[in-house]
Amino acid sequence: MIAIIVHGGAGKANSKEEIPGRIETCKYAAKTGFKILKNSGSAIDAAVEAVKIFEDDSFFNAGKGTYLNKKGEVELDSGIMDGESLKSGAASGVKHVKNPILLAKMIMEKSPHRFLISEGAEEFAMRNQLEIVPNSYFITKEKREIYLKKLNKIQESDTVGAVALDKKGRIASAVSTGGTPFKEEGRVGDSPIIGSGFFANDIYGAVATGIGEDIMKAVLSFRINLYIGKGIEYAVEQTISDLTKLNGKAGIIALDKQGNMAYKYNTEMMFYGFMKEGMKEPEGGI
Ligand code: ASP
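Throughout this description, residue numbers start from 1 for each chain and increase along the sequence as written. Where local features are concerned, this predicted model is filtered to residues with pLDDT of at least 70; where side-chain atom pairs are given and counted, the filter is 80 or more; whole-chain, interface and lining totals use all residues. In computing side-chain values, all of the structure's heavy atoms are included and hydrogens and water are not.

A. Seen up close, the site of the ligand. In these notes, residues near a molecule or strand are those with any non-hydrogen atom within 4 Å of it. Every one of the 12 residues lining the ligand counts as a neighbour, but Thr159, Arg187, Asp190, Thr209 and Gly210 are closest to it. Thr159 places a polar side-chain atom, nitrogen or oxygen, 2.7 Å from an oxygen atom of the ligand. Pairs of N or O atoms within 3.5 Å make up the polar contacts considered here, provided that, within protein, one atom can donate a hydrogen while the other can accept it, and that residues adjacent in sequence are counted only when both atoms are side-chain atoms. Here a nitrogen atom of the ligand and a side-chain polar atom of Asp190 are 2.5 Å apart. In isolation the ligand has 270 Å² of accessible area, and contact with the protein removes 100% of it. Each residue receives one of three labels: charged for Asp, Glu, Lys and Arg, nonpolar for Ala, Val, Leu, Ile, Met, Phe, Trp, Tyr, Cys and Pro, and polar for the others, Gly being one of them. Per-class residue counts for the shell around the ligand are no nonpolar, nine polar and three charged. Computed by Shrake-Rupley with a 1.4 Å probe, the accessible areas treat only the displayed protein chains as cover when residues are assessed.

B. Expanded view of the pairing of strand S11 (residues 269-276). Across the eight residues of S11, seven count as buried, placing the element largely inside the fold. For two strands to count as paired, DSSP must find a minimum of two bridges between them. By the criteria applied, helices consist of DSSP H or I runs no shorter than four residues and strands consist of E runs no shorter than two, each listed in order from the N terminus. In this structure, strand S1 (residues 3-11) lies alongside S11, joined through seven bridges in antiparallel fashion. Each bridged residue has a counterpart across the sheet, and for Ala10 the counterpart in S11 is Met270. Sheet analysis places S11 next to strand S12 (residues 283-285), joined by three bridges and oriented antiparallel. Across the sheet, residue Phe274 finds its bridge partner in S12, namely Glu283. With antiparallel pairing between neighbouring strands as the criterion, S11 and S12 make up a hairpin whose turn holds six residues, including Gly278 at a positive phi of roughly 100 degrees. Think of it in three bands: residues with accessible area under 20% of the maximum for their type are buried, residues over 50% are exposed, and the middle band is partly exposed, with areas taken using a 1.4 Å probe on protein chains only.

C. Focus on the sheet that holds S11. The strand order S4-S3-S2-S6-S5-S1-S11-S12 describes an open sheet built from eight strands, whose pairing is mixed. Of all the strands in the sheet, just strand S4 (115-117) and S12 have a single pairing partner and so form its edges. Going across the sheet, the axis of each strand differs from the next one's by a mean of 5 degrees, ignoring polarity. Only heavy atoms matter for contacts: two residues are in contact if any of them lie within 4.5 Å across the pair. What counts as an axis is a line fitted to C-alpha atoms, over the stretch in contact for a helix, and the angles between N-to-C directions run from 0 to 180 degrees. This element, helix H1 (residues 18-38), spans S1, strand S5 (160-165), S11 and S12 of the sheet and lies at about 30 degrees to S11. With respect to the sheet, helix H2 (residues 43-56) is in contact with S1, strand S2 (76-82), S5 and strand S6 (171-177), its orientation differing from that of S5 by roughly 160 degrees.

D. Looking closely at the pattern of salt bridges. The rule for a salt bridge is simple: a side-chain nitrogen of Lys or Arg has to be within 4 Å of a carboxyl oxygen of Asp or Glu. Applying the stated criterion across every chain, the model contains 15 salt bridges. The residue Arg187 makes a salt bridge to Glu213 at a minimum N-O spacing of 2.9 Å. Note that Arg187 is positioned in the loop between S6 and strand S7 (198-200) and Glu213 in helix H6 (residues 212-218), a separation of 26 residues in sequence. Residue classification places Arg187 among the buried residues on the basis of a relative accessible area of 15%. A relative accessible area of 37% means that Glu213 is categorised as partly exposed. Shared partners join several salt bridges into a network, and the residues in it are Lys71, Glu73, Lys95 and Glu185.

E. Up close: the environment of Ile171. Here Ile171 is to be found in strand S6. Considering only alpha carbons, one finds Ile171 and Leu255, 84 residues apart in sequence, at a separation of 8.1 Å.

F. How the structure looks around the nonpolar core. Nonpolar cores are built from buried Ala, Val, Leu, Ile, Met, Phe, Trp, Tyr and Cys residues. Side-chain atoms within 4.5 Å join them into one set. Within the largest apolar cluster, 71 residues are counted, with the highest numbers of intra-cluster contacts made by Ile4, Val6, Leu220, Ile224, Ile232 and Ile252. Sort the elements by how many residues they give to this core and H2 lands first, with nine residues. With residues near it in sequence (within four places) discarded, Leu220 still touches Gly195, Ser196, Ala208, Ile215, Thr239, Ile240, Leu243, Ala250, Gly251 and Ile252. Ala91, Leu103, Met106 and Phe124 belong to the second largest nonpolar core, which has 11 residues in total.

G. Geometry of unusual backbone geometry. Its identity is not glycine, yet Gln129 carries a phi of approximately 60 degrees, on the positive side. With respect to the helices and strands, the residue Gln129 is situated in the loop between helix H4 (118-127) and helix H5 (141-148). For Phe182, which is not glycine, the phi torsion reads 60 degrees and is therefore positive.

Structure below.
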């Protein structure tokens with residue numbers, strides 16, 4: 001069985017007009033990852049390619065189009081985990097790496113460490129020939145206007161993520177974000193934190209989105225472990241129910257080793273897309 005599920009963030013859309021386009025991008029990201037899996041590619045490569053599509057699309061809060069922090073700059077976080085080896089890679093506070101998900105993958109594969117931040121992460125990216133761009137590359141007119149209104153639009157963050165299962169039964173989870181709008185410089189959310197923003201092992205993989213400070217309270221992506229014995233759908237349901245009891249707002253996507261997928265959120269909406277063996281076209285929604 002091969003399968004992939006992606007999300008384009010929990011919260012609410014900046015405008016209703018954006019919704020169909022965003023759902024289409026979720027479907028396209030799922031389809032792109034699925035093609036890789038179909039051609040015997042790895043779950044890691046499928047999840048990375050799906051996330052990269054969102055990073056290059058300026059409507060999502062990852063890569064180009066990220067929300068600005070209080071200083072008017074973009075700071076990016078990313079994370080990835082290979083459920084087979086339990087190796088992970090994460091980066092935070094990055095300002096010039098065009099595709100932070102590629103940096104997370106490179107940290108996982110080429111560094112003896114699991115998490116690099118700020119200048120050190122960027123130096124590592126440069127040494128490994130990742131594309132470097134000026135901070136202004138990430139800043140779109142729309143996100144600049146939001147910044148100028150000084151709005152901490154915490155409900156409208158659109159982090160992106162993907163979980164994939166390949167032909168060899170390996171699961172991978174990948175996440176990329178610009179964090180919450182108008183955040184303090186140096187703020188790190190859940191996304192690059194293993195167990196909170198993302199997790200994968202040989203049973204399931206998950207990626208969270210929403211208010212990072214809430215997600216960390218519940219250690220959301222790892223929390224699924226508490227309930228996985230009763231199936232992925234039940235586990236995801238319970239996980240979000242626990243979060244609600246903690247007054248947290250977030251969403252999560254998850255996938256198990258049989259290719260069963262689940263998603264759940266307690267925010268107004270969450271953009272998602274998925275595709276698995278037997279489906280001719282991807283499905284998506286909010
Ligand atoms: N979880 C992300 C953060 O708090 C934001 C998001 O999911 O949109 O950094």
